[in-house]
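Structure assessment
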Amino acid sequence: MVGLNPRPYPMKIHEYQAKEILENYGVRVQSGVVAESPEQAAAAFEQLGMPLAVVKAQIHAGGRGKGGGVKLVRSAAEAAEEAGAMLGMMLKTPQTGPEGQKVRKVFVAEGLDLAQEFYLGIALDRRLGQPVMMVSAEGGVEIEEVAASNPEAILRLPLDPRQGLLPYQARRAAFFLGLQGGTFKKALSFLQGLSRAYLELDCSLAEINPLVITEDGEVVALDAKINFDGSALYRHPKVAAMRDVHEEDPKEVEASKFDLNYIALEGNIGCMVNGAGLAMATMDTIQLHGGSPANFLDVGGGAEEENITEAFRILISDPNVKGILVNIFGGIMRCDVIARGVIAAARNVELKIPLVVRLEGTNVKEGRQLLAESGLAISPATSLDEAARMVCEAVHALA
Ligand code: GDP
Ligand code: MN
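All figures in this text were calculated on a predicted structure; none of them were measured in a lab. (Residues numbered from 1 in each chain as written. Chains lettered and ligands numbered in written order. Predicted model: local features only at pLDDT ≥ 70, side-chain atom pairs only at ≥ 80, totals over all residues. Heavy atoms only, no water.)

Section: the site of ligand 1
Short version of the rule: The near set for a molecule or strand comprises every residue that places at least one heavy atom within 4 Å of it. Any N or O atom pair separated by 3.5 Å or less is treated as a polar contact, with the protein-specific requirement of one donor-capable and one acceptor-capable atom, and with residues adjacent in sequence counted only for side-chain atom pairs. Each accessible area is a Shrake-Rupley estimate made with a 1.4 Å probe; only the visible protein chains count as cover when residues are assessed. Runs of H or I in DSSP of at least four residues are treated as helices and runs of E of at least two as strands, each being numbered from the N terminus. Gly falls in the polar group here, along with every residue not listed as nonpolar (Ala, Val, Leu, Ile, Met, Phe, Trp, Tyr, Cys, Pro) or charged (Asp, Glu, Lys, Arg). Residue ranges assigned to the domains are those given by an automatic or database domain assignment.
Neighbouring ligand 1 are 17 residues; Lys56, Arg64, Gly65, Leu112 and Asp223 lie closest to it. The side chain of Lys56 places a nitrogen or oxygen atom 2.6 Å from an oxygen atom of ligand 1. One of the backbone N or O atoms of Leu112 is found 2.9 Å from an oxygen atom in ligand 1. Considering ligand 1 on its own, with 560 Å² of exposed area, one finds that the protein chains cover 79% of that surface. Contributions of two or more residues to the shell around ligand 1 are made by β3 (53-57), β8 (114-125) and β11 (203-214). Looking at the shell around ligand 1 residue by residue, the classes come out as six nonpolar, six polar and five charged. Residues from two domains meet in the shell around ligand 1; each of domain 1 (1-30 + 113-245) and domain 2 (31-111) gives at least three.

As structure tokens, then:
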């Protein structure tokens with residue numbers, strides 16, 4: 001089942017879904033209604049029944065405000081107009097690719113009067129091996145920017161993975177933001193709620209940017225971004241069901257169905273490798289020879305001919321791929337199985353780009369023989385260095 005497979009990368013969800021989750025943890029959010037048409041957006045405005053609302057594009061990328069994906073509206077007609085302009089558009093933000101991401105849904109949210117905007121986030125700190133809560137008075141600004149320009153402006157609180165945010169830590173965070181009275185108390189339960197959600201749901205990131213204090217002293221999540229540890233999704237079927245494959249690279253979605261770990265990159269050399277370590281080394285060696293990998297594709301330790309064929313099909317379907325490097329170490333995996341998969345796939349797709357194959361390990365002789373006798377234009381290589389040089393030269397010669 002798609003979504004429940006362990007994935008080496010995090011799963012993202014939309015803002016409206018993140019807010020739904022946080023509400024269940026007692027975290028006050030800027031509430032709203034999802035709309036998929038201008039008519040629905042107008043109805044949503046009426047339903048909220050407030051003089052001011054915000055139409056917000058739902059894509060898996062932040063910085064929407066900067067790209068025109070967040071608009072304040074004061075009537076149902078205005079809500080319909082802004083939703084109409086956003087729905088279907090390719091929204092470009094500093095966090096999307098240059099072509100942008102297609103808007104399929106908008107969130108029509110209650111308009112709030114903001115007194116203060118803060119940053120609040122929890123992320124895994126790999127150096128500490130612990131989740132860390134980060135609080136900063138500079139709301140609406142990317143935390144990476146604050147960390148670079150003004151690191152003292154961020155309070156960092158390492159969280160115990162079993163206990164979560166301790167009461168004294170919550171108080172420190174609220175003091176750090178200069179909160180007082182009722183707002184201070186509301187902030188404490190807000191912070192605890194976010195910490196509980198993060199730990200219970202195996203999140204890898206939970207970011208509220210901005211966390212706002214409204215004119216009447218409420219503590220509200222104006223925005224919410226949650227990523228989940230892909231390997232823990234099987235424990236959270238409700239979260240897994242929130243996956244929106246429209247937001248993911250279609251090649252990555254296809255790959256996940258075949259237990260392939262595939263991540264699209266910017267370059268033009270398609271790589272098919274087994275094992276994450278070998279994949280990294282292969283990408284490094286390609287770069288060393290002046291090339292640039294188009295993807296990270298790990299077919300895993302136990303791939304069958306079918307997975308190899310599928311992996312190949314995915315590589316070829318990317319028009320940016322101008323050459324392919326297959327680099328497999330046959331341990332559990334046998335080189336002859338790999339060779340059969342590569343041959344079957346290359347025949348199927350009528351390969352028109354250079355293909356370099358380097359096999360090593362179990363049944364390597366049989367594997368190389370199969371490739372040599374296949375009649376296909378496959379360049380065999382014996383070392384990783386040679387293989388990377390060959391594919392870089394072949395792609396360079398085409399350009
Ligand atoms: P992002 O640009 O993708 O991070 O989207 P956000 O949800 O963070 O919204 C961007 C900005 O829009 C916020 O930082 C606010 O300044 C503004 N904004 C969003 N909702 C409201 C609202 O209800 N009232 C006001 N005054 N501003 C809002
Ligand atoms: Mn934001």
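Anyway, onward from the coordinates.
Thoughts on the nonpolar core
Put simply, the rule is: By convention a nonpolar core is built from buried Ala, Val, Leu, Ile, Met, Phe, Trp, Tyr and Cys residues, the set being connected through side-chain atoms within 4.5 Å. For each residue, the accessible area found with a 1.4 Å probe, counting protein chains only, is set against the maximum for its type, and the residue is called buried under 20%, exposed over 50%, and partly exposed in between. Residues count as neighbours in contact if any of their non-hydrogen atoms are within 4.5 Å of one another.
Core analysis: the largest hydrophobic core is formed by 44 residues, its most contacted members being Ile21, Leu22, Leu120, Met133, Ile208 and Phe228. Considering each element in turn, this core owes the most residues, seven residues, to helix α6 (residues 181-200). Residues within four places of Leu22 in sequence aside, it is in contact with Val27, Val29, Leu194, Ala197, Ile208, Ala224 and Ile226.

Observations concerning the coordination of the manganese ion (ligand 2)
As a reminder, the rule being used: The rule for donors is simple: an N, O or S atom within 2.8 Å of the metal counts, and for Na, K and Ca the reach is 3.2 Å. Water is not among the atoms, so a site may look short of donors.
Surrounding the manganese ion (ligand 2) are the protein donor atoms Asn209 (O) and Asp223 (OD), which sit 2.1 to 2.2 Å from the metal. Taken together, the positions of Asn209 in strand β11 and Asp223 in the loop between β12 (219-221) and β13 (225-228) put the pair 14 residues apart, joining distant regions of the chain. The pair formed by Asn209 and Asp223 is uniform in burial state, with each residue classed as buried.

Some points on the sheet that holds β3
Where we set the bar: Should DSSP find at least two bridges between two strands, the strands are regarded as paired. Angles shown run from 0 to 180 degrees and are taken between the N-to-C directions of axes, each axis being a line fitted to C-alpha atoms and, for helices, limited to the stretch in contact.
Taken together, the four strands give an open sheet; going across it, the order is β2-β7-β3-β4, and neighbouring strands pair in antiparallel fashion. For this open sheet the edge positions go to β2 (32-35) and β4 (70-73), each flanked by a neighbour on one side alone. Neighbour-to-neighbour, the strand axes of the sheet open up by a mean angle of 20 degrees, direction not taken into account. Relative to strand β7 (residues 106-110), β2 runs antiparallel, the two being bridged by four bridges. Its bridge partner being in β7, Ala35 is matched across the sheet by Val106. Against the sheet, helix α1 (residues 15-24) engages β2, β3 and β7, with an angle of about 50 degrees to β7. Packing against the sheet, helix α2 (residues 38-48) makes contact with β2, β3, β4 and β7, and its axis sits at approximately 170 degrees to β2.

Observations regarding the pattern of salt bridges
Here is the rule we go by: We count a salt bridge whenever a side-chain nitrogen from Lys or Arg sits within 4 Å of a carboxyl oxygen from Asp or Glu.
This structure, assessed with the given rule, holds 19 salt bridges. Where Arg64 meets Glu15, a salt bridge forms, and the shortest distance between an N and an O atom there is 2.8 Å. Placement of the pair is Arg64 in the loop between β3 and β4 and Glu15 in helix α1, with a sequence separation of 49 residues. Overall, Glu15 belongs to the buried group, its relative accessible area being 4%. Across the pair Asp249 and Lys251 runs a salt bridge, and its minimum N-O distance is 3.5 Å. Residue classification places Asp249 among the partly exposed positions, given a relative accessible area of 22%. Lys251 gets classed as buried once you look at its relative accessible area, which sits at 18%. A single network of salt bridges, built from pairs that share partners, joins Glu15, Lys19, Lys56, Arg64 and Asp223.

Description of the environment of Ala57
By secondary structure assignment, the location of Ala57 is in strand β3. Residue classification places Ala57 among the buried residues on the basis of a relative accessible area of 0%. C-alpha separation for the pair Ala57 and Arg104, spaced 47 residues apart in sequence, amounts to 8.0 Å. Ignoring anything within four residues of it in the chain, the contact list for Ala57 reads Arg64, Gly69, Met86, Leu91, Val103, Lys105 and Val106.

What about helix α10 (residues 305-316)?
Spelled out, the test is: Multiplying 1.5 Å by the residue count of a helix minus one yields the expected span of that helix.
Between its first and last C-alpha atoms α10 spans 17 Å; for twelve residues at 1.5 Å apiece the expected length is 16 Å, and the two agree. Within the sequence span of α10, burial applies to Asn307, Ile308, Thr309, Glu310, Ala311, Phe312, Ile314 and Leu315.

Considering the packing of helix α11 (residues 335-349) against helix α12 (residues 364-373)
In a pair of packed helices, the angle between the axes and the distance between the axes together describe the arrangement. The cut-off we apply is this: Oblique is the label for every angle not falling under 35 degrees (roughly parallel), over 145 degrees (roughly antiparallel), or within 65 to 115 degrees (roughly perpendicular). Helix crossings get a hand from a simple test, with the near helix turned counterclockwise from the far one by less than a right angle marking a left-handed crossing and a clockwise turn marking a right-handed one.
Across the interface, α11 lies against α12 with an axial gap of 7 Å and an inter-helix angle of 20 degrees. Looking at the two axes, α11 sits roughly parallel to α12. Crossing of α11 against α12: the hand is right-handed. For the pair α11 and α12, the contacting residues are Cys335, Asp336, Ala339, Arg340, Val342 and Ile343 in the first and Val364, Glu366, Gly367, Leu370 and Leu371 in the second. Within the contact of α11 with α12, the residues separate by chemical class into seven nonpolar, one polar and three charged.

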